[in-house]
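# Observations on the three-dimensional arrangement
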Amino acid sequence: PTTEPTTEPTTEPTTQPTEPPTTDPFANMVDESWYDDVLFIGDSRTMGLRDNARIGKADYFTSMELSLFSYDYAVAYDTNIDGLTLAQLLESKTYDKIFLNLGINEAGYPIYSFMSAYNDLLTMIHTAQPNATIILQGVLNVSRDYAGDLEYFAPANINAINDEIRALADNKTVYNSCCKRFCYIP
(Lines give C-alpha, C1' and ligand atoms only; values in the text may rest on other atoms or scores of the structure.)
Protein backbone atom coordinates (compact mmCIF):
# COMPACT_ATOMS: atom_id res chain seq x y z
CA PRO A 1 0.00 0.00 0.00
CA THR A 2 1.17 3.46 -0.70
CA THR A 3 0.88 6.16 1.84
CA GLU A 4 0.42 9.72 1.05
CA PRO A 5 2.67 12.17 2.82
CA THR A 6 1.00 13.93 5.63
CA THR A 7 1.69 17.50 6.44
CA GLU A 8 1.17 18.95 9.81
CA PRO A 9 -0.96 22.03 9.92
CA THR A 10 1.08 25.19 10.33
CA THR A 11 0.07 27.71 12.90
CA GLU A 12 0.24 31.41 12.25
CA PRO A 13 1.67 33.59 14.99
CA THR A 14 -1.04 35.01 17.19
CA THR A 15 0.76 38.21 18.08
CA GLN A 16 0.23 41.27 15.97
CA PRO A 17 3.27 43.15 14.76
CA THR A 18 4.01 46.19 16.88
CA GLU A 19 4.39 49.68 15.53
CA PRO A 20 7.98 50.80 15.23
CA PRO A 21 9.04 53.37 17.80
CA THR A 22 8.48 56.90 16.70
CA THR A 23 11.44 58.89 15.45
CA ASP A 24 9.50 62.13 15.67
CA PRO A 25 11.49 64.36 18.06
CA PHE A 26 8.32 66.30 18.85
CA ALA A 27 6.22 63.26 19.77
CA ASN A 28 6.67 63.76 23.53
CA MET A 29 6.29 67.53 23.63
CA VAL A 30 4.12 69.03 26.30
CA ASP A 31 1.11 71.15 25.54
CA GLU A 32 1.75 74.91 25.49
CA SER A 33 -0.33 75.28 28.64
CA TRP A 34 2.50 73.54 30.56
CA TYR A 35 4.34 76.88 30.33
CA ASP A 36 1.51 78.97 31.80
CA ASP A 37 3.05 78.86 35.29
CA VAL A 38 6.69 79.02 34.22
CA LEU A 39 9.15 81.83 34.90
CA PHE A 40 12.36 82.13 32.90
CA ILE A 41 15.06 84.21 34.62
CA GLY A 42 18.12 85.11 32.61
CA ASP A 43 20.35 87.49 30.74
CA SER A 44 20.41 88.34 27.02
CA ARG A 45 20.18 84.65 26.03
CA THR A 46 16.87 84.41 27.86
CA MET A 47 15.88 87.67 26.23
CA GLY A 48 16.46 85.99 22.87
CA LEU A 49 14.26 83.08 23.94
CA ARG A 50 11.54 85.52 24.97
CA ASP A 51 11.74 87.50 21.74
CA ASN A 52 12.13 84.62 19.31
CA ALA A 53 10.64 81.47 20.81
CA ARG A 54 7.94 82.52 23.28
CA ILE A 55 5.68 79.63 24.21
CA GLY A 56 2.51 79.47 26.25
CA LYS A 57 1.95 82.19 28.82
CA ALA A 58 5.37 81.93 30.47
CA ASP A 59 6.85 84.98 32.13
CA TYR A 60 10.37 86.16 31.29
CA PHE A 61 12.36 88.11 33.87
CA THR A 62 15.21 89.32 31.71
CA SER A 63 17.09 92.46 30.83
CA MET A 64 20.46 93.44 29.44
CA GLU A 65 21.56 94.55 32.92
CA LEU A 66 20.54 91.33 34.69
CA SER A 67 23.38 89.35 36.24
CA LEU A 68 24.15 87.35 39.34
CA PHE A 69 25.33 90.60 40.89
CA SER A 70 22.38 92.81 39.88
CA TYR A 71 19.29 90.61 40.34
CA ASP A 72 18.28 92.44 43.52
CA TYR A 73 17.87 95.82 41.79
CA ALA A 74 17.52 95.04 38.04
CA VAL A 75 14.02 95.56 36.66
CA ALA A 76 12.34 93.75 33.82
CA TYR A 77 9.54 94.50 31.40
CA ASP A 78 7.44 91.85 29.70
CA THR A 79 3.82 91.02 28.98
CA ASN A 80 3.00 90.54 32.68
CA ILE A 81 6.00 92.35 34.19
CA ASP A 82 5.98 96.13 34.19
CA GLY A 83 9.19 97.41 35.73
CA LEU A 84 9.35 94.98 38.63
CA THR A 85 12.40 93.71 40.45
CA LEU A 86 12.74 89.95 40.75
CA ALA A 87 11.75 90.05 44.43
CA GLN A 88 8.61 92.03 43.60
CA LEU A 89 7.68 89.61 40.84
CA LEU A 90 8.18 86.55 43.03
CA GLU A 91 5.99 88.13 45.72
CA SER A 92 3.22 88.98 43.25
CA LYS A 93 2.74 85.66 41.47
CA THR A 94 3.16 81.97 42.20
CA TYR A 95 5.15 79.83 39.77
CA ASP A 96 5.27 76.07 39.48
CA LYS A 97 8.51 75.96 37.48
CA ILE A 98 11.38 78.45 37.40
CA PHE A 99 14.24 78.20 34.91
CA LEU A 100 17.45 80.02 35.88
CA ASN A 101 19.96 80.87 33.14
CA LEU A 102 22.67 83.27 34.29
CA GLY A 103 26.44 83.06 34.32
CA ILE A 104 28.10 83.75 30.99
CA ASN A 105 28.59 87.43 31.81
CA GLU A 106 30.06 86.51 35.20
CA ALA A 107 32.44 83.80 33.91
CA GLY A 108 35.48 86.02 34.54
CA TYR A 109 34.82 86.38 38.26
CA PRO A 110 36.56 84.10 40.75
CA ILE A 111 34.52 80.90 41.12
CA TYR A 112 33.91 81.47 44.86
CA SER A 113 32.46 84.94 44.13
CA PHE A 114 30.39 83.56 41.24
CA MET A 115 28.99 80.68 43.30
CA SER A 116 28.32 82.85 46.35
CA ALA A 117 26.15 85.15 44.23
CA TYR A 118 24.51 82.16 42.52
CA ASN A 119 23.72 80.58 45.90
CA ASP A 120 22.28 83.86 47.21
CA LEU A 121 20.00 84.14 44.17
CA LEU A 122 18.92 80.51 44.43
CA THR A 123 18.13 80.95 48.14
CA MET A 124 16.11 84.09 47.43
CA ILE A 125 14.08 82.31 44.72
CA HIS A 126 13.51 79.22 46.86
CA THR A 127 12.47 81.32 49.87
CA ALA A 128 9.99 83.36 47.80
CA GLN A 129 8.65 80.34 45.87
CA PRO A 130 9.09 77.32 48.17
CA ASN A 131 6.78 75.06 46.15
CA ALA A 132 8.35 75.82 42.78
CA THR A 133 10.56 73.41 40.92
CA ILE A 134 13.75 75.25 40.03
CA ILE A 135 15.70 74.18 36.96
CA LEU A 136 19.31 75.35 36.76
CA GLN A 137 20.48 75.81 33.20
CA GLY A 138 24.13 75.50 32.29
CA VAL A 139 26.35 78.25 31.01
CA LEU A 140 26.76 77.80 27.27
CA ASN A 141 30.10 78.37 25.61
CA VAL A 142 30.74 81.15 23.16
CA SER A 143 32.32 80.90 19.72
CA ARG A 144 36.10 80.84 19.29
CA ASP A 145 35.90 84.23 17.59
CA TYR A 146 34.06 85.77 20.54
CA ALA A 147 36.17 84.05 23.19
CA GLY A 148 39.49 84.94 21.63
CA ASP A 149 42.25 84.51 24.19
CA LEU A 150 40.02 85.15 27.19
CA GLU A 151 40.67 82.27 29.59
CA TYR A 152 37.38 82.73 31.41
CA PHE A 153 35.53 81.78 28.21
CA ALA A 154 37.70 78.68 27.71
CA PRO A 155 35.81 75.37 27.84
CA ALA A 156 37.67 74.30 30.99
CA ASN A 157 36.41 77.35 32.91
CA ILE A 158 32.84 77.04 31.60
CA ASN A 159 32.88 73.33 32.48
CA ALA A 160 34.12 74.14 36.01
CA ILE A 161 31.31 76.66 36.43
CA ASN A 162 28.74 74.13 35.20
CA ASP A 163 30.13 71.50 37.59
CA GLU A 164 29.58 73.91 40.48
CA ILE A 165 26.05 74.77 39.30
CA ARG A 166 25.26 71.07 38.83
CA ALA A 167 26.28 70.39 42.44
CA LEU A 168 23.51 72.72 43.69
CA ALA A 169 20.76 70.42 42.41
CA ASP A 170 19.13 68.29 45.08
CA ASN A 171 16.87 66.54 42.52
CA LYS A 172 13.89 67.18 44.79
CA THR A 173 13.08 70.84 44.28
CA VAL A 174 16.17 72.01 42.40
CA TYR A 175 17.13 70.23 39.20
CA ASN A 176 20.00 70.61 36.83
CA SER A 177 19.77 70.77 33.07
CA CYS A 178 23.48 71.51 32.58
CA CYS A 179 25.15 69.31 30.04
CA LYS A 180 28.12 67.38 31.40
CA ARG A 181 30.54 69.04 29.02
CA PHE A 182 30.28 71.74 26.40
CA CYS A 183 32.60 72.44 23.47
CA TYR A 184 33.41 75.60 21.61
CA ILE A 185 30.78 76.40 19.01
CA PRO A 186 32.58 76.92 15.67
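Within every chain, residues take consecutive numbers counted from 1 along the sequence as written. Whole-chain, interface and lining totals are the exception, using all residues; otherwise, since this is a predicted model, local features are given only for residues with pLDDT of at least 70 and side-chain atom pairs are given and counted only at 80 or more. Side-chain numbers here rest on the full set of heavy atoms in the structure, without hydrogens or water.

### Observations regarding the pairing of strand S6 (residues 133-136)
As paired strands, strand S5 (residues 97-101) and S6 are joined by four bridges and run parallel to one another. Counterpart to Phe99 in the pairing with S6 is Ile135. Crossovers are marked right-handed if the path from the first strand over the helix to the second runs clockwise, as seen with the strands pointing away from the viewer. Helix and strand labels come from DSSP, where a helix needs a run of H or I of at least four residues and a strand needs a run of E of at least two; each type is numbered from the N terminus. Taking the sense of rotation as the criterion, the β-α-β connection linking S5, helix H3 (residues 111-128) and S6 turns out right-handed. At least two bridges found by DSSP between two strands is the condition for calling them paired. Both S6 and strand S7 (residues 174-176) contribute to a ladder of three bridges, which runs parallel. Bridge assignment links Ile134 to a residue of S7, and that residue is Val174.

### Here we look at the nonpolar core
Soluble globular proteins tend to pack their nonpolar side chains together in the buried interior. Formed by 36 residues in total, the largest nonpolar core has its most connected members in Leu39, Ile41 and Ile125. Breaking this core down by element, the ones donating at least two residues are strand S1 (38-42), helix H2 (86-92), S5, H3, S6 and helix H5 (155-167). It is H3 that provides the largest number of residues to this core, a total of seven residues. Any two residues whose heavy atoms approach within 4.5 Å are treated as being in contact. Apart from residues lying up to four places away in sequence, Ile125 is in contact with Ile41, Leu86, Leu90, Ile98, Leu100 and Ile134. Among buried residues, those of type Ala, Val, Leu, Ile, Met, Phe, Trp, Tyr and Cys that are joined through side-chain atoms within 4.5 Å constitute a nonpolar core. Relative accessibility decides the category of a residue: with a 1.4 Å probe and only protein chains considered, values under 20% of the type maximum give buried, values over 50% give exposed, and everything between is partly exposed. Ranked by size, the runner-up nonpolar core spans seven residues in total, among them Val38, Ala58, Phe99 and Ile135.

### Section: the environment of Leu140
As for its position among the elements, Leu140 is in the loop between S6 and helix H4 (144-147). Expressed as a C-alpha distance, the spacing of Leu140 and Gly103, which sit 37 residues apart in the sequence, is 8.8 Å.

### Things to note about the packing of aromatic side chains
Pairs were defined over the aromatic rings of Phe, Tyr and Trp, the Trp ring being its six-membered one, requiring ring centres within 6.5 Å. Orientation was assigned from the angle between planes: stacked under 30 degrees, edge-to-face over 60, tilted for the rest. Tallied over the entire structure, the rule returns eight aromatic pairs. Aromatic pair Phe114 and Tyr118: ring centres 6.2 Å apart, planes at 15°, arrangement stacked. Linking Phe114 with Tyr118, this pair stays in helix H3, spanning four residues, or about one helical turn. By relative accessible area, Phe114 is classed as buried at 1%. Residue Tyr118 is classed as buried on the basis of its relative accessible area, which comes to 0%. Clustering of aromatic rings is evident, with ring pairs tying together Trp34, Tyr35, Phe40, Tyr60 and Phe99. One cation-aromatic arrangement involves Lys97 over Trp34; the distance from NZ or CZ to the ring centre is 4.4 Å. Geometrically, a charge over a ring is one whose NZ (Lys) or CZ (Arg) sits within 6 Å of the ring centre while staying within 35 degrees of the ring normal.

### Observations concerning the pairing of strand S2 (residues 59-62)
Both faces of S2 are covered, namely the face carrying Asp59 and Phe61 and the face carrying Tyr60 and Thr62. Bridge count for S1 against S2 is four bridges, and the pairing is parallel. Within S2, the position partnered with Ile41 by the bridge is Phe61. Read from S1 through helix H1 (residues 44-53) to S2, the crossover connection turns out right-handed.

### Some details on the pattern of salt bridges
Each reported salt bridge corresponds to a side-chain nitrogen of Lys or Arg within 4 Å of a carboxyl oxygen of Asp or Glu. Under the counting rule described, the total for this entry stands at six salt bridges. Two residues, Lys97 and Asp96, come together in a salt bridge whose shortest N-O distance is 3.1 Å. Given a relative accessible area of 8%, Lys97 falls into the buried group. Since its relative accessible area comes to 34%, Asp96 is described here as partly exposed. Arg166 serves as the salt-bridge partner of Asp163, at 2.5 Å between the closest nitrogen and oxygen. Linking Asp163 with Arg166, this pair stays in helix H5, spanning three residues, or about one helical turn. Overall, Asp163 belongs to the partly exposed group, its relative accessible area being 29%. A relative accessible area of 18% places Arg166 in the buried class.

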